[in-house]
Amino acid sequence: MNRLKQKGFRVALFLKTKGGYGREIVTGICDYLRSTRLIWDMLLHEDFRCSPEGIRSWTGDGIIADFDDPEIEAALRGTTMPVVAVGGSYHRRSDYPKGMPYVATDNQKLVEAAFQHLVEMGLSRFALYSMPPLETNRWALEREKAYSDLIERDGLEPAIFRGRSTYGPDWDAILGDLVCWLKSLPKPIGVIAVSDARARQVLQACIVAAISVPEEVALVGIDNDPLLKQLTRISISSVRQGTCMMGLIAAELLHRRLLGEAISNAPVLVPPEGISAQISSRHEPVYDPYVMRALHYIRQFTAQGVKVAQVADYVGVSRTTLETHFRKQFGHSVHEEMLDFKLRMAKDMLAAPEASCADVAGKCGFTSLQYMYAVFRREVGCTPRQFQLDRDRRLSA
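So, here is what we can say about the structure in this document. (Residues numbered from 1 in each chain as written. Predicted model: local features only at pLDDT ≥ 70, side-chain atom pairs only at ≥ 80, totals over all residues. Heavy atoms only, no water.)

**Observations concerning the pattern of salt bridges**
Argument step 1. Tallying each qualifying case throughout the model produces 17 salt bridges.
Argument step 2. Note that D31 is salt-bridged to R34, the shortest N-O span being 2.6 Å. Taken together, the positions of D31 and R34, both in helix α1 (residues 20-34) and three residues apart, correspond to about one turn of that helix.
Argument step 3. Of the residues examined, D31 reaches a relative accessible area of 30% and is grouped as partly exposed.
Argument step 4. You can call R34 exposed: its relative accessible area is 61%.
Argument step 5. D95 serves as the salt-bridge partner of R92, at 3.2 Å between the closest nitrogen and oxygen.
Argument step 6. According to the relative accessible area criterion, R92 is partly exposed, its value standing at 45%.
Argument step 7. Several salt bridges share partner residues, and in doing so they unite E73, E135 and R138 into one network. (Salt bridge = Lys/Arg side-chain N within 4 Å of Asp/Glu carboxyl O. Helix = DSSP H or I, 4+ residues; strand = E, 2+ residues; numbered from the N terminus. Buried < 20%, exposed > 50% of the residue type's maximum accessible area, 1.4 Å probe, protein only.)

Here it is in structure tokens:
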């Protein structure tokens, strides 16, 4: 990068920043700019009144654009302005944009990461929740192809459900179709959703149908979208895309093009960064229907302060009967299971350096901050704050 000359440019970012995918690509672009002395005057997609057609009258120097969006790809086709495209990978080389650099998230590797995680959880049956075969869903169909290849490689039968496009007025029908599909699947099973938004639909359908997650359905999404994570009571496992790296690479490629350097138009595939393993995929075989139903309720409502008696009422048995089944299955009581769930939630939340111990205590269902401290001292051997600081030091080492 030191060999790049210093010059200011006007650059348009045709990246929809309403979702985590576009925002993280922009973050990667900004990371590149901060690592240099570049001066870029940047306009976002919204600055063109949400219509790519506005680019035709714009007099700028270069563009970074999301070519997963057919409207954006069509608007930029044939432009003489330097363009670096970003989007998903394709299994056919002929599907990549012609005559421009292309930085892609590796759809094959994303699905492989989700699949391998479910294999490691001990599962031997797998299904995919995809999307309808529309031009706007090319990335999802590529992930569907990757899933089919993996399943057929292992001599298994693919189980794919595309469902309907997400549209608010159709929500009851969307959920109803999904419930029927999930009920038809053999259990236990690992379900890969092509995005976190689709994974959240699967989770909602499981809650409606009283299908236990992850005992009956172990679920993994793709995107690791922080906003969507906050919309679910049961945290969803998700594959982390290398979107920041995509933005950084795209920015460097565009900069080199703007300086007149000859660069390759061969697609650059960016692998996933790993998987954020949460409750939704932590599968452990449980064959007792009372215990599975109780765990289903505990994971949704323990943080709201429910009591053991309420869990027993939901299951439809006496507290004594439920305690007997739990001790036979796990060797501990229902209360201990609920406390362990709160503790695991707190540990996950304390992974964020800025997390307040008092906020964590309230969100995890501890009756007071002092009680959470007592539980941590007894079960972990340190205070929540010490646990948080030790984790920070381990991550930065």
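**What to know about the packing of aromatic side chains**
Argument step 1. In the structure shown here, the tally under the stated rule is eleven aromatic pairs.
Argument step 2. Ring centres of F115 and F126 lie 4.6 Å apart, and the angle between their planes is 50 degrees; this geometry places the pair in the tilted category. Residue F115 is located in helix α3 (residues 107-120), and its partner F126 is located in strand β6 (residues 126-129); the two are separated by eleven residues in the primary sequence. Accessibility assignment for this pair places F115 and F126 in one class, buried.
Argument step 3. Centre to centre, the rings of F366 and Y371 are 5.9 Å apart; their planes meet at 70 degrees, and the pair counts as edge-to-face.
Argument step 4. Through a chain of ring-to-ring contacts, three or more aromatic side chains come together here, namely Y90, Y96 and Y102.
Argument step 5. Taking the ring centre of Y314 as reference, the NZ or CZ of R293 above it sits at 4.2 Å. (Phe/Tyr/Trp six-rings, centres within 6.5 Å; stacked < 30°, edge-to-face > 60°. Lys NZ or Arg CZ within 6 Å of the ring centre and 35° of its normal.)

**Quick look at unusual backbone geometry**
Argument step 1. In the segment running from K187 into P188, the intervening peptide bond is cis, with an omega of -5 degrees.
Argument step 2. Mapped onto the secondary structure, P188 falls in the loop between α5 (171-184) and β8 (189-193).
Argument step 3. Here the phi dihedral of N224 falls at roughly 55 degrees; this positive angle occurs in a residue that is not glycine.
Argument step 4. Following the sequence through the fold, N224 ends up in the loop between β9 (217-222) and α7 (226-229).

**Topic: empty space enclosed by the protein**
Argument step 1. Taken as a whole and assessed by the stated rule, the structure comprises two cavities of 30 Å³ or more.
Argument step 2. Its volume calculated, the largest cavity comes out at about 60 Å³.
Argument step 3. Every residue lining the largest cavity is listed: D196, R200, D225, L228, K229, I236, S237 and S238.
Argument step 4. Looking at the lining of the largest cavity, the elements that each hand over two or more residues are α6 (196-208), α7 and β10 (237-240).
Argument step 5. For the lining of the largest cavity, the residue count by class is two nonpolar, two polar and four charged.
Argument step 6. In this structure, the second largest cavity encloses a volume near 50 Å³. (1 Å grid on protein atoms, 1.4 Å probe; cavity = no way out; pocket = protein on both sides within 12 Å on 5 of 7 lines; lining within 4 Å. Points joined across faces, edges and corners; volume = space filled by probe spheres on them. Nonpolar A, V, L, I, M, F, W, Y, C, P; charged D, E, K, R; others polar.)

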